[in-house]
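This is what each chain is made of:
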Amino acid sequence: MKTKFAGLSIISFLFFASLGATQDAQTLYNDGVKLKNEKNIKEAAEKFKQAVSLKPSYTEARYEWGWCQNDLKDYEGAIANLRNVRLTWGHIPKVHFELGYAFEKSNKTDSAINCYNRCLQLKPDYSLAFKQLGYIAYTKEDYANAIIQFKKYEEASKTEITDYLYWYRKGFSYNAQKDFFSAKAALLKALSLKKDYVNIFLELGFASSRLKEDEEAIRYYNQAIAIDPKNHVPYNGIAEVYRDNKKDRELAKTWYQKTLAINPTERKACFGMGFCLNSQGKYTDAIPYLKTAIEKEPTYTAAFVELGYSYFKVNRITEAIDNLNKAISLNASNENSRYYLALIYINQKNKVKAQQMVDELKALNSKHVSTLQPKVDAL
């Protein structure tokens, strides 16, 4: 009998010990939830960790721990916990979203995409999954896909979107797709939420300049300068407005010089100076700027075209041909390089080569054909 009662006592002890551990884990979990709701994420994570240490099968606590680890940027820890959670809660969308987020922040992009898509399979209106898929596409410079995901995010979102960075990235994506009207609308939303983010003003300046809203573009660029006077981008932006829209090349040069005062070899300013000098017939002066632009960016197609044109106008024909052919090798559909080459060959009375350039321009449906063909025919 003693043995029997001893055995029962051991079983009872183990049962109540287990019950006590469970109760303690539950208390720790509840404390963690309270701390999390109070935004005390670090302390909450510790409570959830302690709960899991007492009860390793406590899925709710392990999920919350993983959530907190994501918030604390401990993404590898989050991945380990959330993978464990997924074994039990594979049917719950938020698990796949949090795991996807941890993968995304760990630069494991394919795994992140798979998780977000699984989340959407389980809950097709899980708005944040669309947002993160849009961010991944944005980071990959796949702006068309980013816009698609952003639209789905807005359609699925049940609350007003007040994240300025979201609207900025949407606007940037539209600018990249040359939908400047839509870009401006998104960027103005970003600006209403964040008044001192210089990139918003830069993108607004860019969109406005492409919409030929010159004074507005200049105003946005000047606001960017007020925030960050050492940032050369808005100086270049204003210079482009004067160069391309207003056709005031002298004033454009003044603004490019402001960039060059910050960075004497900045590629876009050097190209811009060379372009303006060429347009003013100052070809020899243009050459050093254009060469510097190419040194800074060896694949700068437009700079090779302008440099080729400069050499053509100063009668350095071999160098002109070399640079114009380089432009074609970098961009097979470039028209201006072929136009200048055709002029060179026409001047040389080389009808075969000139006609070759005209034929290539015909294949590109270039407006230059109507100007060049009669000149070739007259050779």
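I will try to describe carefully the structure that is included in this document. The model shown is predicted, which means the values in this text are computed figures rather than measured ones.

## Re the overall build of the chain
Along the chain, the regular secondary structure elements total 21 helices and zero strands. A globule of 379 residues ought to have a C-alpha radius of gyration of about 21 Å, yet the chain, at 32 Å, is considerably larger. Referenced to the eigenvectors of the C-alpha coordinate spread, the extents of the chain come out at roughly 125 × 45 × 35 Å. Counted over contacts in the chain with a minimum sequence separation of 6, partners at least 24 positions apart contribute 46%. Summed over its atoms, the accessible surface of the chain is roughly 19600 Å², and 52% of this surface lies on carbon and sulfur atoms.

## So, the pattern of salt bridges
For the structure shown, the criterion picks out 19 salt bridges. A salt bridge links D359 to K362; the nearest nitrogen and oxygen atoms lie 4.0 Å apart. Of this pair, D359 and K362 both sit in helix α20 (residues 351-363), three residues apart, which is roughly one turn of that helix. The class for D359 is partly exposed, based on a relative accessible area of 37%. Linked through salt bridges whose partners overlap, the residues forming this network are K184, E213, E216 and R219.

## Section: the packing of helix α6 (residues 109-122) against helix α7 (residues 127-139)
Closest axis-to-axis distance for the α6/α7 pair is 9 Å, and the angle between their directions is 155 degrees. One finds that α6 runs roughly antiparallel with respect to α7. Crossing of α6 over α7 shows left-handed handedness. From α6, T109, A112, I113, Y116, N117, C119 and L120 reach across to α7, where they touch A129, F130, Q132, L133 and I136. Here the contact of α6 with α7 is composed, by residue class, of nine nonpolar, three polar and no charged.

## Things to note about helix α4 (residues 75-89)
Within α4, burial applies to Y75, G77, A78, I79, N81, L82, V85 and W89. Tucked into the core, α4 has its buried residues touching α3 (59-71) and α5 (93-105).

## Quick word on the packing of α3 against α5
The N-to-C vectors of α3 and α5 enclose an angle of 35 degrees; their axes lie 10 Å apart at closest approach. Note on packing geometry: the crossing formed by α3 with α5 is left-handed. Within the contact between the two elements, α3 uses Y63, W67 and N70 and α5 uses K94, V95, E98, Y101 and A102. Looking at the contact of α3 with α5, its residues break down into five nonpolar, one polar and two charged.

About the cut-offs
Residues numbered from 1 in each chain as written. Predicted model: local features only at pLDDT ≥ 70, side-chain atom pairs only at ≥ 80, totals over all residues. Heavy atoms only, no water. Helix = DSSP H or I, 4+ residues; strand = E, 2+ residues; numbered from the N terminus. Rg over C-alpha atoms; globule rule 2.2 N^0.38 Å. Contact = heavy atoms within 4.5 Å. Areas by Shrake-Rupley, 256 points an atom, 1.4 Å probe, with all protein chains shown as cover. Salt bridge = Lys/Arg side-chain N within 4 Å of Asp/Glu carboxyl O. Buried < 20%, exposed > 50% of the residue type's maximum accessible area, 1.4 Å probe, protein only. Axes fitted to C-alpha atoms, helices over the stretch in contact; angles between N-to-C directions. Parallel < 35°, antiparallel > 145°, perpendicular 65-115°, else oblique. Left-handed = near helix turned anticlockwise from the far one by under 90°. Nonpolar A, V, L, I, M, F, W, Y, C, P; charged D, E, K, R; others polar.

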